[in-house]
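# A closer look at the structure
Residue strings, one per chain:
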There are 2 protein chains.
Amino acid sequence: MALRVVVVYDISDDGVRLRVARTLESWGLYRIQRSAFVGRMQRARMRDLARLLEGMIDPGTDTVHIIPLPSHEWERTLVLGTPWGERRVASAALLQG
Amino acid sequence: MALRVVVVYDISDDGVRLRVARTLESWGLYRIQRSAFVGRMQRARMRDLARLLEGMIDPGTDTVHIIPLPSHEWERTLVLGTPWGERRVASAALLQG
């Protein structure tokens, strides 16, 4: 079964938060919100990603959820407002405007 | 199929964010992170919730994802660090300490 994984996090340290975001991007996930990413992943790799992130965060203050779901359910996700990608395009355009 | 719904949001206005959180709680969802809730829901009710939230947020600045997934997949979610509920208990204990 094609699997998607949604990663949602609350991370207090700016530097750690940036490293986690970069790590998720390097694993092929893309950002859907300020602190949420989604991407395709084999179930076995979820644990590898968890171990990697566990070594970065402060377990006393931070929280990360790595949520598996079938791709066909991800495609039934309802999105309200302005998706993250479009917001960045908009703000980039504003900068050049 | 028993369905869970994860709601993740980026909302700029503090008052709107509080109203959305309260609405999600009143719909029986519980908070898993600062801006993420989860709960059981019939698929048909997802659209009703979406319409309700759409009327609250600013579509130009805010983003909400309403993500459906089977309960058995939610139960395979990996949680790193301190889950939201335990953090509140810890900080409440600190206050009374």
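Above this text is the structure in question.
Values in this document were obtained by computation on a predicted structure and should not be read as measured data.

What counts as what
- Residues numbered from 1 in each chain as written.
- Chains lettered and ligands numbered in written order.
- Predicted model: local features only at pLDDT ≥ 70, side-chain atom pairs only at ≥ 80, totals over all residues.
- Heavy atoms only, no water.
- Buried < 20%, exposed > 50% of the residue type's maximum accessible area, 1.4 Å probe, protein only.
- Helix = DSSP H or I, 4+ residues; strand = E, 2+ residues; numbered from the N terminus.
- Pairing = 2+ DSSP bridges.
- Phe/Tyr/Trp six-rings, centres within 6.5 Å; stacked < 30°, edge-to-face > 60°.
- Lys NZ or Arg CZ within 6 Å of the ring centre and 35° of its normal.
- Expected span 1.5 Å × (residues − 1).
- Contact = heavy atoms within 4.5 Å.
- Salt bridge = Lys/Arg side-chain N within 4 Å of Asp/Glu carboxyl O.

What follows deals with the pairing of strand β4 (residues 63-70) of chain A. In terms of residue burial, β4(A) counts as a mostly covered element, since eight of its eight residues are buried. Sheet topology places strand β1 (residues 3-10) of chain A next to β4(A); eight bridges connect them, and they run antiparallel. Residue pairing across strands places V8(A) opposite H65(A), the latter belonging to β4(A). Two elements, β4(A) and strand β5 (residues 78-81) of chain B, share four bridges in a ladder whose sense is antiparallel.

With that out of the way, let us pick up the packing of aromatic side chains. All names here are of chain A. Within this structure, the stated rule accounts for two aromatic pairs over all chains. Centre to centre, the rings of Y9 and F37 are 6.3 Å apart; their planes meet at 25°, and the pair counts as stacked. Taken together, the positions of Y9 in strand β1 and F37 in strand β3 (residues 36-40) put the pair 28 residues apart, joining distant regions of the chain. Classification of Y9 as buried rests on a relative accessible area of 1%. Relative accessible area serves as the criterion here: at 0%, F37 is assigned to the buried category. Sitting over the face of the ring of W27, R45 holds its NZ or CZ atom 4.1 Å from the ring centroid.

The next thing to look at is helix α2 (residues 43-54) of chain B. In an α-helix there are 3.6 residues to a turn, and that puts residues three or four apart on one side. Helix length check: α2(B) (12 residues) gives 17 Å between terminal C-alpha atoms against 16 Å at 1.5 Å per residue, within 8%. For α2(B), the elements touching its buried residues are β5 (78-81) of chain A together with β1 (3-10), α1 (14-26) and β4 (63-70) of chain B.

Once that is clear, we can look at the pattern of salt bridges. For the structure shown, the criterion picks out eight salt bridges over all chains. Ionic pairing is found between R17(A) and D14(A), a salt bridge with its closest N-O pair at 2.4 Å. With R17(A) and D14(A) both in helix α1 (residues 14-26) and three residues apart, the pair spans about one turn of that helix. Taking the relative accessible area as the measure of exposure, R17(A) reaches 27% and is therefore partly exposed. R43(A) is the partner of E73(B) in a salt bridge, and the nearest nitrogen-oxygen pair spans 2.9 Å. Of this pair, E73(B) sits in helix α3 (residues 71-74) while R43(A) sits in helix α2 (residues 43-54), each in a different chain.

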